[in-house]
Amino acid sequence: MDEKQRAHLEKRLLEERERMLRTLAKFDENFKIAMEENDGDLTNYPFHMADEGTDTLEREKDFLLASKEGRQVYWIDDALRTLYKEPDKYGKCQECGDEIGFERLDLVPWVRLCVHCQRRQEDRMEQAA
Ligand SMILES: [Zn+2]
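The following refers to the structure shown.

Thresholds applied
Residues numbered from 1 in each chain as written. Predicted model: local features only at pLDDT ≥ 70, side-chain atom pairs only at ≥ 80, totals over all residues. Heavy atoms only, no water. Axes fitted to C-alpha atoms, helices over the stretch in contact; angles between N-to-C directions. Helix = DSSP H or I, 4+ residues; strand = E, 2+ residues; numbered from the N terminus. Parallel < 35°, antiparallel > 145°, perpendicular 65-115°, else oblique. Left-handed = near helix turned anticlockwise from the far one by under 90°. Contact = heavy atoms within 4.5 Å. Nonpolar A, V, L, I, M, F, W, Y, C, P; charged D, E, K, R; others polar. Expected span 1.5 Å × (residues − 1). Buried < 20%, exposed > 50% of the residue type's maximum accessible area, 1.4 Å probe, protein only. Polar contact = N/O pair within 3.5 Å; in protein donor to acceptor, adjacent residues only side chain to side chain. Donors = N, O, S within 2.8 Å, 3.2 Å for Na, K, Ca; no water. Tetrahedral: all angles 85-135°; square planar, octahedral: opposite > 155°, others 65-115°. Core = buried A, V, L, I, M, F, W, Y, C linked by side-chain atoms within 4.5 Å. Salt bridge = Lys/Arg side-chain N within 4 Å of Asp/Glu carboxyl O.

1. Let's talk about the packing of helix α1 (residues 3-27) against helix α4 (residues 68-85)
As a packed pair, α1 and α4 sit with axes 9 Å apart at the nearest point and diverge in direction by 155°. Our classification of the angle between α1 and α4 gives roughly antiparallel. Judged by the twist between their axes, the crossing of α1 over α4 is left-handed. On α4, the residues that touch Arg-6, Glu-10, Leu-13, Leu-14, Glu-16, Arg-17, Met-20, Leu-21, Thr-23 and Leu-24 of α1 are Glu-69, Gly-70, Gln-72, Val-73, Ile-76, Asp-77, Ala-79, Leu-80, Leu-83 and Tyr-84. Partitioned by chemical class, the residues of the contact of α1 with α4 number 11 nonpolar, 3 polar and 6 charged.

2. Some thoughts on α1
Relative to the 36 Å expected for 25 residues at 1.5 Å per residue, α1 spans 36 Å between its end C-alpha atoms, a close match to the ideal helical length. Within α1, the full set of buried residues consists of Arg-6, Leu-9, Arg-12, Leu-13, Glu-16, Arg-17, Met-20, Leu-21, Leu-24 and Ala-25. At the N-terminal end of α1, a side-chain oxygen is found 3.1 Å from the backbone nitrogen of Lys-4, two or three residues along, and the residue is Asp-2.

3. Some words on the coordination of the zinc ion
Every protein donor of the zinc ion is accounted for by Cys-93 (SG), Cys-96 (SG), Cys-114 (SG) and Cys-117 (SG), and the metal-donor separations fall at 2.3 Å. Given 4 donor atoms and angles of 104 to 114° at the metal, the environment of the zinc ion is assigned as tetrahedral. Counting residues between consecutive donors of the zinc ion along the chain gives the motif C-x2-C-x17-C-x2-C. Both residues of the pair, Cys-114 and Cys-117, belong to the buried class.

4. Observations regarding the nonpolar core
When a protein is soluble and globular, its nonpolar side chains tend to lie buried together. Core analysis: the largest hydrophobic core is formed by 21 residues, its most contacted members being Leu-13, Val-73, Ile-76, Tyr-90, Cys-93, Ile-100 and Leu-105. Looking at this core, the elements that each hand over two or more residues are α1 and α4. At 6 residues, α4 tops the list of elements feeding residues into this core. Those residues in contact with Ile-100, other than ones at most four positions away along the chain, are Gly-91, Lys-92, Cys-93, Leu-105, Val-111, Arg-112, Leu-113 and Cys-114.

5. Quick word on the pattern of salt bridges
Scanning the entire structure with this criterion turns up 9 salt bridges. A salt bridge links Arg-124 to Glu-95, with the nearest nitrogen and oxygen atoms 3.8 Å apart. Highlighted residues: Arg-124 in helix α6 (residues 115-128) and Glu-95 in the loop between α4 and α5 (102-107), separated in sequence by 29 residues. Arg-124 sits in the partly exposed class, given a relative accessible area of 44%. One salt-bridge network, held together by shared partners, links Arg-12, Glu-16, Arg-19 and Asp-106.

6. Concerning the side chain of Arg-17
With respect to the element layout, Arg-17 can be found in helix α1. Owing to a relative accessible area of 7%, Arg-17 belongs among the buried residues under this scheme. Among the polar contacts listed, one links the side chain of Arg-17 to the side chain of Asp-77, at a separation of 2.5 Å.

Here's what the structure looks like:
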């Protein structure tokens, strides 16, 4: 992946993050309050660079994982953290370490698995169901 592609994916992640935050603010009363405390500025909604383990991050995680859009934001933040902190790891499959591929990342910039591993995981989930 070259610099230009990385910058493009970063932009996609940030755009998608803002869109999800807007959706959250529309439907979630608690979230709306949190946003107002942030002066309603979505771009100021804290993005934590901290590693896991801090109280704030834990609280935010619980809160985000409670809704579908929140989960999305959580995965987007996770991808952004990787992109900023360990750019070499971004875009690589978390299971087999292969390049995920720019086209796939362009569709879903926060995807963590390559097509093959994703399919394997879905198969496992189907078998478990
Ligand atoms: Zn893989």
